Amino acid sequence: SNLATTGQVKFALDLVNKIGNGNTTSVVNGLAHALESPVEDILHPDDWPTQMTRDHASLYLDILEAQHKKMQKGAWG
């Protein structure tokens, strides 16, 4: 199957919670901006457990990890 692993989905959702503080809309907007894609093309975190593919995981995790690292360094207020 081309679906992301349970671990990938859990890690991605954990990052969403850390970055967005429960605001998934801001995280989706951030992914869309980083990927230069329309917001409608970003798979919503609510759908990740059942629909996230390995390709989504690869793209999204890189961006989410980078955003989380920036937050940890205090680059984001």
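This is a predicted model, so every value here is computed, not measured.

**Examining the side chain of H68**
- By the element assignment, H68 lies in helix α4 (residues 54-72).
- By relative accessible area, which is 14% here, H68 ends up buried.
- Residues within four places of H68 in sequence aside, it is in contact with L15, K18 and I19.

**A closer look at the nonpolar core**
- Judged by nonpolar contacts, the single largest core of 19 residues is most densely connected at L31, W48, M52, Y60 and L64.
- Those elements that place two or more of their residues in this core are α1 (6-20), α2 (24-35) and α4.
- The contact partners of L31, leaving out residues within four places of it in the chain, are I42, W48, Y60, I63 and L64.

**Points about α2**
- Its 12 residues give α2 an end-to-end C-alpha distance of 16 Å, which sits within 8% of 16 Å, the value for a rise of 1.5 Å per residue.
- Every buried residue belonging to α2 is among V27, V28, G30, L31 and A32, and all of these are buried.
- Tucked into the core, α2 has its buried residues touching α1, α3 (48-51) and α4.
- Where α2 begins, one side-chain oxygen reaches toward the backbone nitrogen of T25, 3.2 Å away; that side chain belongs to N23.
- A positive backbone phi angle near 55° is found at E36, which sits one or two residues after α2.

**So, the confidence of the model for the chain**
- Of all residues in the chain, 96% have pLDDT values of 70 or greater, and the mean over the chain is 93.
- At the level of individual helices and strands, the chain shows its lowest average pLDDT in α4, which scores 94, and its highest in α3, which scores 97.

Rules used in this analysis
Residues numbered from 1 in each chain as written. Predicted model: local features only at pLDDT ≥ 70, side-chain atom pairs only at ≥ 80, totals over all residues. Heavy atoms only, no water. Helix = DSSP H or I, 4+ residues; strand = E, 2+ residues; numbered from the N terminus. Buried < 20%, exposed > 50% of the residue type's maximum accessible area, 1.4 Å probe, protein only. Contact = heavy atoms within 4.5 Å. Core = buried A, V, L, I, M, F, W, Y, C linked by side-chain atoms within 4.5 Å. Expected span 1.5 Å × (residues − 1). Polar contact = N/O pair within 3.5 Å; in protein donor to acceptor, adjacent residues only side chain to side chain. pLDDT = per-residue confidence, 0-100.

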